[in-house]
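Residues per chain, in single letters:
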Amino acid sequence: MSYSMNTYSRIPVAFTHGEGVWVWDQSGKKYLDALAGIAVNTLGHAHPGLVRSITEQSSRLIHASNLYQIAEQERAAEKLAKISGMDSVFFCNSGCEANEAAIKLARLYGHGKAIENPAIIVMDKAFHGRTLATLSATGNKKVQVGFEPLVPGFVRVPLNDIEAVRRAASEDKSVVAVLVEPIQGEGGINLTTMQYLRDLREICDRQGWLLMVDEVQCGLGRTGKWFVYQHAGIEPDVVLLAKGLASGVPIGACLARGAAASVFTPGTHGSTFGGNPLACAAALATLGAIEDEGLMKNAQAVGGLILSGLREGLQGVPGVTEIRGQGLMIGVELDRPCGDLVKRALDRGLLINVTMDNVIRLLPPLVIKESEARQVLSILLPLVRDFLSQIPAAVAARA
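Owing to the predicted nature of the structure, the values given are computational and were not obtained by experimental measurement. Residue numbers run consecutively from 1 along every chain, following the written order of its sequence. Where totals are concerned, whole chains, interfaces and linings use all residues; where local detail is concerned, this predicted model gives features only for residues with pLDDT of at least 70, and gives and counts side-chain atom pairs only at 80 or more. The basis for every side-chain value is the complete set of non-hydrogen atoms in the structure, without hydrogens or water.

Caption draft 1: View of the overall build of the protein. Per the secondary structure count, the protein includes 13 helices and 17 strands. Using C-alpha atoms as the atom set, the radius of gyration is obtained and then compared with a globule rule of 2.2 Å times the number of residues to the power 0.38. Expected size for 399 residues packed as a compact globule is a radius of gyration near 21 Å; at 21 Å, the protein falls within 12% of this value. Judged by the C-alpha coordinates and their principal axes, the protein covers about 60 × 55 × 45 Å. Expressed as a percentage of its 399 residues, the buried residues of the protein come to 56%. Accessibility throughout is a Shrake-Rupley quantity obtained with a 1.4 Å probe, and a residue counts as covered only by protein chains that appear here. When the accessible surface of the protein is totalled, it reaches about 17,500 Å², and 53% of it is carbon and sulfur. Side-chain charges of the protein comprise 38 positive and 39 negative groups, with the mean position of each set lying 3 Å from the other. The way it works is that DSSP assigns letters per residue, a run of H or I at least four long becomes a helix, a run of E at least two long becomes a strand, and they are numbered from the N terminus. Here the term buried applies to any residue with accessible area under 20% of the maximum for its type, exposed to any over 50%, and partly exposed to those in between, with areas from a 1.4 Å probe on protein chains only. By the counting rule applied here, Lys and Arg register as positive and Asp and Glu as negative, while His and the ends of each chain are not counted. By convention, the charge on Lys lies at NZ, on Arg at CZ, on Asp at CG and on Glu at CD.

Caption draft 2: The sheet that holds strand β1 (residues 15-19), seen in detail. If DSSP finds at least two bridges between two strands, the strands pair. Read across the sheet, four strands follow the order β1-β2-β3-β15 without closing on themselves; strand pairing throughout is mixed. Taken across any chain shown, the strands that pair with only one partner, and hence form the sheet edges, are β1 and β15 (350-351). When strand β2 (residues 22-25) meets strand β3 (residues 30-33), the two strands line up antiparallel, connected through three bridges. Residue Trp22 lies in a different strand from β3, and its bridge partner there is Leu32.

Caption draft 3: Expanded view of the environment of Gly244. Relative to the assigned elements, Gly244 resides in the loop between β11 (238-241) and β12 (252-256). Residue Gly244 is classed as buried on the basis of its relative accessible area of 5%. Each C-alpha atom, one on Gly244 and one on Val40, is 4.0 Å from the other, the two residues being 204 residues apart in sequence. Contacts are residue-level and defined by heavy atoms, with any inter-residue pair within 4.5 Å sufficient. Discounting chain neighbours no more than four positions away, the residues touching Gly244 are Ala39, Val40, Thr42, Leu220 and Thr286.

Caption draft 4: Geometry of the environment of Ser58. Mapped onto the secondary structure, Ser58 falls in helix α2 (residues 48-60). There is a polar contact of 2.9 Å between the side chain of Ser58 and the backbone oxygen of Thr55. We call two N or O atoms a polar contact when they sit within 3.5 Å, provided that within protein one can donate a hydrogen and the other can accept it, with sequence-adjacent residues counted only if both atoms are side-chain atoms.

Structure below.
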């Protein structure tokens, strides 16, 4: 009997330890981790620099209240500001908390402009979290069912449809911000075009809106640059981070610049655990390793190898709808539900997952080597081909 609340359909395997991109279960079986705790384990498992940093910090000071100055937090904030182009950082504990902070910031910004009911433009298929506000901003009705009434104040538009944003600008004078994932993770690895991001920046500038980018899953070197928006050559007003920021130690961050950086004042927002010494030490170790070990360049090169290998290996295979991604954030969309592939891959020693019921999602640690990427392909390609040949679309849809 498990005393854990029944909120997950857990896979019946428990891991005991890991090294690099490899983890071992209680029976001693070895697995190649191509999921990284859903883009969390940036440095893989048991990274020496990260372990050393956490160990040393825990021996000195784990937690200090935000009532006091925290030296590690100041260093982490400075580092994030420098790599992002932002002016200030609020630390929290998760991605949904970072997004929640952004929603509050946008509303406060709107009230400062005398807008009675500020609204935020959000995208179809987006995922911003599971708190009531972030769930309401999320563009997936499946995860919203049962939690109504949702929080009002969100205007939903299709991703990459800039004309829909322009219509909202002309029709709804309560809009104060746009919240967008440059690459939708939970939504199925859906990429925004770089021109779309540039157009959003132009519209926000013209309208006096905040451009807020949720890089919780896609940021921090996963696409070959620190942030996806840097590929588009723009600077947002607000950037949301979490997941891989401290390689497994819980942390989130809401970064802001310009007018957005001064919206919060003492008492308007806060966090008990956010930015504590242990989490910030882990974040500093993670950011340092990404730079020192050339992991952004590695993500681009190894991610390109996986992406091209998938496209070559699945070219012309009936049932493969699209293969898309950037760096080490890759999705394979099939024409049928494919959740069964998670168990099949597990049996072969490969950790993947499926999102939106029919998109295989790969998010390996940034430390993955080319030889390990080829092992991912050697396991996954025949599994996908066999699955599509054995499981007709109609049968998979009923399963």
